[in-house]
Protein chains: 2
Amino acid sequence: MKLEAAFGLSRYMSQPDCNDSMSGSRRGEGSLTRIKCQGCAVRTASLCSEVSDECANAIGRAFHRRRVPAGQVIYSSDQKNKIFAVVISGVVKLTNVRPDGRQQIVGLQFPAEFVGRPYSGTSNLLAEAASNLELCCFSGDAFEAIMRRYPELEGALLKRTLDSLDNAREWMFMLGRKTAHERVASLIYMIAERLTHPGNRKEPMETCRFESPLSRTEMADCLGLRLETVSRQLALLKAKGVLASSRNRTFDVRSMSELRRWSESPVE
Amino acid sequence: MKLEAAFGLSRYMSQPDCNDSMSGSRRGEGSLTRIKCQGCAVRTASLCSEVSDECANAIGRAFHRRRVPAGQVIYSSDQKNKIFAVVISGVVKLTNVRPDGRQQIVGLQFPAEFVGRPYSGTSNLLAEAASNLELCCFSGDAFEAIMRRYPELEGALLKRTLDSLDNAREWMFMLGRKTAHERVASLIYMIAERLTHPGNRKEPMETCRFESPLSRTEMADCLGLRLETVSRQLALLKAKGVLASSRNRTFDVRSMSELRRWSESPVE
DNA sequence: CGACATTTTGAGAAGGGTCAACGAAAGTGG
DNA sequence: CCACTTTCGTTGACCCTTCTCAAAATGTCG
């Protein structure tokens with residue numbers, strides 16, 4: 001998986017792109033965007049839903065869809081040309097990697113979320129496909145041109161960035177103050193919530209089942225733990241009956257409320 | 001680039017407060033803002049410097065200055081009316097506090113930085129004065145009205161929020177992956193850099209001295225450690241000659257480059 | 001089936017937490 | 001001015017959670 005990442009963007013660039021054929025058209029049509037974006041799974045939840053028709057049209061003219069296989073790099077710190085994207089399906093992981101090999105996953109971007117770092121050439125982070133992805137991509141130039149022309153887009157981005165910041169700060173509490181047991185429970189709860197309730201419904205289901213986008217190593221990199229510790233804590237959660245023992249990446253949550261409880265109480 | 005970087009904090013502190021008396025005046029004058037904000041120590045580095053004159057005028061009409069003694073709460077999760085502010089001098093700490101008593105400091109806001117959470121009633125965080133403060137305050141209503149009227153302000157806020165997010169993610173790496181020794185070195189390095197180089201000049205001085213805005217307990221809450229551990233690691237840094245042994249909150253950095261080295265190497 | 005990657009499990013070590021005592025500085029009140 | 005208290009920081013001893021290293025088990029894919 002790491003080996004694929006070494007291929008860099010070349011592989012990624014050659015993905016078949018089902019929308020390229022439409023990029024020739026020009027201005028004056030709300031209908032084009034409607035057609036291009038009509039089937040979009042995240043349409044009502046993404047950035048695009050918050051801006052004016054005119055801006056949405058500009059966006060509709062600029063994007064192209066891409067499929068990205070799990071493990072592939074979307075952007076890295078030493079990349080020349082910027083890229084922006086909205087996640088249509090799958091999960092993107094943002095990793096802070098150091099020369100000495102240590103790494104920390106500092107963000108997971110789920111469907112409808114935005115990926116990319118405006119206003120800065122150096123992102124310092126590595127963005128990789130945690131699972132197979134569908135992305136709605138924009139070249140740096142195109143996106144920034146739209147941003148300059150439609151400041152409202154900055155407002156929409158601001159809302160999302162503030163949410164990301166809230167999430168990051170919540171995660172900081174986990175990294176600084178929670179026990180290993182709480183951390184693992186927190187992560188599974190968070191992923192379960194996000195994967196099974198893409199819109200933020202009030203009450204999550206009491207039981208659910210999903211495929212984790214993360215390996216044990218990746219879970220450990222999220223949680224500031226070693227993979228052995230993650231494995232042991234998962235065994236504990238299974239022993240408690242909070243998780244059913246399903247194999248590998250399939251998680252079978254038997255009680256979301258219990259899981260939530262374990263994600264917040266330090267005592268055994 | 002940023003010439004005001006040469007100002008120390010002492011300079012910030014000693015600015016005369018020429019603005020309190022002027023909040024009655026009304027519209028139509030670019031000169032009013034110029035007068036009200038003229039002596040502002042962070043003027044060229046804060047939000048206000050990035051927006052149009054017209055927007056800056058609106059801001060100039062809406063703010064009021066406030067002095068806040070160390071320890072005072074600026075806003076908390078259960079607060080009814082929102083507040084926004086730009087830090088003029090001093091440091092604001094943002095803390096994630098839990099019912100069980102555990103807490104994690106998730107942000108430090110230095111002069112010229114923005115404090116407040118637009119677009120959300122519930123901030124979930126506690127904002128407190130870590131040191132004595134001078135703030136340039138806005139009521140929630142006033143600020144949001146200006147934001148609605150001048151979308152460019154959202155753009156300026158977006159840039160700052162993205163920077164905060166980068167900082168938060170850098171901090172997440174520290175919390176997840178650094179040793180106690182690296183953490184303490186990182187914190188001191190960061191505070192030294194920010195306090196003694198308000199603008200981001202390239203190379204920090206090799207030695208410096210400053211008053212920490214944080215107690216040992218607060219340092220521990222920043223770092224995800226216990227205060228005893230912080231104390232021991234400080235003793236170690238003193239033994240290595242990176243810090244001179246000065247009392248309590250006065251830090252005397254003998255070698256910023258060494259400090260930086262210790263903040264990134266896990267060994268010893 | 002065989003080669004390889006991923007996950008689980010085990011045993012021992014250690015980093016940091018916990019508890020406790022002590023010291024230094026600052027405020028209080030006589 | 002000096003006891004007294006209070007707050008804050010330091011230091012020590014011990015212990016527990018998590019890390020480290022190692023090996024076995026399980027899963028995956030040709």
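Residues numbered from 1 in each chain as written. Chains lettered and ligands numbered in written order. Predicted model: local features only at pLDDT ≥ 70, side-chain atom pairs only at ≥ 80, totals over all residues. Heavy atoms only, no water.

Chemist: I'd love a proper account of the sheet that holds strand E11 (residues 250-253) of chain A, names of residues and values included.
Modeler: By way of backbone hydrogen bonds, the strands of a sheet pair with one another, either parallel or antiparallel. Residues and elements named next belong to chain A. Taken in spatial order, the three strands of this open sheet run E9-E11-E10, and their pairing is antiparallel. Strands at the two margins of the open sheet, each flanked by one partner only, are strand E9 (208-211) and strand E10 (243-244). Here E10 runs beside E11; their pairing, made up of two bridges, is antiparallel. Bridge assignment links Ala244 to a residue of E11, and that residue is Asp252. (Pairing = 2+ DSSP bridges. Helix = DSSP H or I, 4+ residues; strand = E, 2+ residues; numbered from the N terminus.)

Chemist: A description of the domain arrangement of chain A should follow, citing residues and the corresponding values.
Modeler: Residues and elements named next belong to chain A. Its domain assignment divides chain A into domain 1 (3-163) and domain 2 (178-263). Counting residues at the interface gives ten residues for domain 1, matched by twelve residues for domain 2. Together, the buried faces of domain 1 and domain 2 total about 950 Å²; carbon and sulfur atoms form 61% of this surface. The largest per-residue losses of area from domain 1 upon contact with domain 2 belong to Ile105, Leu108 and Phe110, which jointly make up 50% of the total buried on that side. Considering only residue class, the side of domain 1 that touches domain 2 consists of five nonpolar, three polar and two charged. (Domains from an automatic or database assignment. Contact = heavy atoms within 4.5 Å. Buried area = accessible area lost by both parts, 1.4 Å probe. Nonpolar A, V, L, I, M, F, W, Y, C, P; charged D, E, K, R; others polar.)

Chemist: Can you tell me about helix H8 (residues 227-239) of chain B, naming the residues and giving the values?
Modeler: All names here are of chain B. Taking 1.5 Å of rise per residue, the 13 residues of H8 would be expected to cover 18 Å, and the 18 Å separating its terminal C-alpha atoms lies within 8% of that figure. Every buried residue of H8 is accounted for by Val230, Gln233, Leu234 and Leu237. Buried residues of H8, viewed axially, fall in a sector of 105°; they line one side. Across from the buried face of H8, at angles greater than 90 degrees, the exposed residues are Arg232 and Ala239. The first or second residue beyond H8 is Gly241, which carries a positive phi of 85°. (Expected span 1.5 Å × (residues − 1). Buried < 20%, exposed > 50% of the residue type's maximum accessible area, 1.4 Å probe, protein only. Arc of directions from axis to C-beta.)

Chemist: Break down the relation of the copies chain B and chain A for me, citing the residues and quoting the values.
Modeler: Superposition of chain B onto chain A requires a rotation of 180° combined with a translation of 0.0 Å along the rotation axis, giving an RMSD of 0.1 Å. Both copies are brought into coincidence by an operation consistent with a two-fold rotation axis. (Least-squares fit on C-alpha atoms with pLDDT ≥ 70 in both.)

Chemist: Lay out the protein's contact with DNA strand C in plain terms, naming residues and giving numbers.
Modeler: Surveying the vicinity of DNA strand C reveals 18 residues, the closest of which are Arg216(A), Ser231(A), Ala180(B), Arg226(B) and Thr229(B). Contact distances for DNA strand C include 3.1 Å between a base nitrogen and a side-chain N or O atom of Glu228(B). Measuring from a phosphate oxygen of DNA strand C, one finds a side-chain N or O atom of Thr229(B) at 2.4 Å. Among the secondary structure elements, those contributing two or more residues to the surface near DNA strand C are helix H9 (227-239) of chain A together with H8 of chain B. Per-element tally for the surface near DNA strand C: the top contributor is H9(A), with six residues. A class-by-class count of the residues in the surface near DNA strand C yields four nonpolar, six polar and eight charged. (Near = heavy atom within 4 Å. Polar contact = N/O pair within 3.5 Å; in protein donor to acceptor, adjacent residues only side chain to side chain.)

Chemist: Tell me about the protein's contact with DNA strand D, and name the residues and values.
Modeler: Surrounding DNA strand D, one finds 19 residues, the nearest of these being Ala180(A), Thr229(A), Arg247(A), Arg216(B) and Ser231(B). A distance of 2.7 Å is found between a phosphate oxygen of DNA strand D and a backbone nitrogen or oxygen belonging to Ala180(A). Within the side chain of Ser231(B), an N or O atom sits 2.8 Å from a phosphate oxygen of DNA strand D. If you list the elements that add at least two residues to the surface near DNA strand D, you get H9 of chain A together with H8 of chain B. Classifying every residue of the surface near DNA strand D by side-chain character gives four nonpolar, seven polar and eight charged.

Chemist: With reference to specific residues and values, describe empty space enclosed by the protein.
Modeler: Per the counting criterion, the structure on display carries three cavities of 30 Å³ or more. In this model, the largest cavity occupies a volume close to 40 Å³. Lining the largest cavity are Arg216(B), Lys238(B), Leu243(B), Ala244(B), Ser246(B), Asn248(B), Thr250(B), Phe251(B) and Asp252(B). Secondary structure elements with two or more residues in the lining of the largest cavity: strand E10 (243-244) and strand E11 (250-253) of chain B. For the lining of the largest cavity, the element with the highest residue contribution is E11(B), accounting for three residues. Its volume calculated, the second largest cavity comes out at about 40 Å³. Lining the second largest cavity, in full, are Arg216(A), Lys238(A), Leu243(A), Ala244(A), Ser246(A), Asn248(A), Thr250(A), Phe251(A) and Asp252(A). Elements that contribute at least two residues to the lining of the second largest cavity include exactly E10 and E11 of chain A. Counting residues per element, the lining of the second largest cavity draws most heavily on E11(A), which supplies three residues. In the lining of the second largest cavity, the residues fall into three nonpolar, three polar and three charged. (1 Å grid on protein atoms, 1.4 Å probe; cavity = no way out; pocket = protein on both sides within 12 Å on 5 of 7 lines; lining within 4 Å. Points joined across faces, edges and corners; volume = space filled by probe spheres on them.)

Chemist: An account of helix H5 (residues 140-149) of chain A is requested, with residue identities and associated values reported.
Modeler: All names here are of chain A. Among all positions in H5, only Gly140, Phe143, Glu144, Ile146 and Met147 are buried. Projection of H5 onto a plane perpendicular to its axis shows the buried side chains occupying an angular sector of 155°, all on one side. Exposed positions of H5 whose direction lies more than 90 degrees from the buried face are Asp141, Arg148 and Arg149.

Chemist: Go over the packing of aromatic side chains, please, and point to the residues and values.
Modeler: Inspection of every chain in the model, using the stated rule, returns ten aromatic pairs over all chains. Ring geometry for Phe210(A) and Phe251(A): centres 5.6 Å apart, planes at 15°, overall stacked. Here Phe210(A) is found in strand E9, whereas its partner Phe251(A) is found in strand E11, with 41 residues between them in sequence. Given a relative accessible area of 6%, Phe251(A) falls into the buried group. Here a set of aromatic residues connected by ring pairs shows up, and it is made of Phe84(A), Phe114(A), Phe138(A) and Phe143(A). Here Lys159(A) stacks its cationic end above the ring of Tyr119(B), 4.5 Å away from the centre of that ring. (Phe/Tyr/Trp six-rings, centres within 6.5 Å; stacked < 30°, edge-to-face > 60°. Lys NZ or Arg CZ within 6 Å of the ring centre and 35° of its normal.)

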